[in-house]
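Chains, contacts and geometry: an overview
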Amino acid sequence: HVDIRKVKALLDYAVEKRIFTHALFIIGFPGETAPEVVRTLLFACGLKAHTALFNFACAYRGSELGDNLRDRTLLVDPGNDMSSAMSSLNFVNCSPLAAWKLILLKQAANIVFFSNPARLFRICRDLPRYNPAVFMLLLKKFLTRTIFLR
């Protein structure tokens, strides 16, 4: 099990030392409820991480998650190119929540996470090598994950 308090403390320490941090979150697990997803996303938005990526749970054939999935039609072959988890539109939904709800929650999380003025300041301040190309890449990712869904 992960000690969330320790993770948060270590992340805060890294940000304090101006180490550029990135957090990953997975939503849409089998049996996960909407309040649980919201709680995860609120936790993510409350972190000081510079950037975050919100993905959908993907049950791969042969994985522990896949082996425990009741609906075998939702299994993804291990050779899949990860688009099932990375896409905001074409993903295999193994959650009891409607796909549109997961998409909406993911979009809202991206907007709330990246519209935080303190976070935007930290991104600009701590961006590796002050590279404008990296900032443009972050902007492009934000737009494709939030507004122009792929």
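Just above sits the structure.
Now for a look at the structure at hand. (Residues numbered from 1 in each chain as written. Predicted model: local features only at pLDDT ≥ 70, side-chain atom pairs only at ≥ 80, totals over all residues. Heavy atoms only, no water.)

**Focus: the overall build of the chain**
Counted only if it meets this: Each helix corresponds to a stretch of at least 4 residues labelled H or I by DSSP, and each strand to a stretch of at least 2 residues labelled E; elements are numbered beginning at the N terminus. The buried label goes to any residue with under 20% of its type's maximum accessible area, the exposed label to any with over 50%, and the partly exposed label to all in between, with areas taken from a 1.4 Å probe on protein chains only. Pairs of residues are marked as contacts when any of their non-hydrogen atoms sit within 4.5 Å. Surface exposure here means Shrake-Rupley accessible area, sampled with a 1.4 Å probe, where a residue is shielded only by the protein chains that are shown.
Of the regular secondary structure elements, the chain holds 7 helices and 2 strands. The N-to-C order of helical and strand elements in the chain reads α-β-α-β-α-α-α-α-α. The buried share of the chain, taken over its 150 residues, is 38%. Within the chain, counting contacts between residues at least 6 apart in sequence, those at least 24 apart form 67% of the total. For the chain, the exposed surface amounts to about 9,200 Å²; the carbon and sulfur share of it is 64%.

**Some remarks on helix 7 (residues 132-146)**
Since one α-helical turn is 3.6 residues long, residues separated by three or four positions face the same way. Quick reminder of the rule: Multiplying one less than the number of residues by 1.5 Å gives the expected span of a helix.
Between its first and last C-alpha atoms helix 7 spans 21 Å; for 15 residues at 1.5 Å apiece the expected length is 21 Å, and the two agree. Of all the positions in helix 7, only T144, R145 and T146 are classed as buried. Here the buried face of helix 7 lies against strand 2 (51-56) and helix 5 (99-114).

**Considering the pairing of strand 2**
The condition is simple: Only strands that DSSP links by at least two bridges are regarded as paired with each other. For the handedness criterion, the strands are oriented away from the viewer, and a crossover whose path from the first strand over the helix to the second runs clockwise is classed as right-handed.
When you tally the buried positions in strand 2, you get 6 out of 6 residues, the bulk of the element. Neither face of strand 2 is exposed, since T51, L53 and N55 on one face and A52, F54 and F56 on the opposite face are all buried. Here 6 bridges tie strand 1 (residues 22-27) to strand 2, and the two strands are oriented parallel to one another. Note that in strand 2 the partner of F25 across the bridge is F54. After leaving strand 1, the chain enters helix 2 (residues 34-46) and then returns to the sheet as strand 2, a path that is right-handed.

**A short note on the environment of G62**
Take G62: it is sitting in the loop between strand 2 and helix 3 (64-67). C-alpha of G62 to C-alpha of V76: the two residues are 14 residues apart in sequence and 9.4 Å apart in space.

**Notes on unusual backbone geometry**
Of note, the phi angle at R18 is positive, near 65°, even though the residue is not glycine. Following the sequence through the fold, R18 ends up in the loop between helix 1 (4-16) and strand 1. Overall, the relative accessible area of 43% leaves R18 in the partly exposed class.

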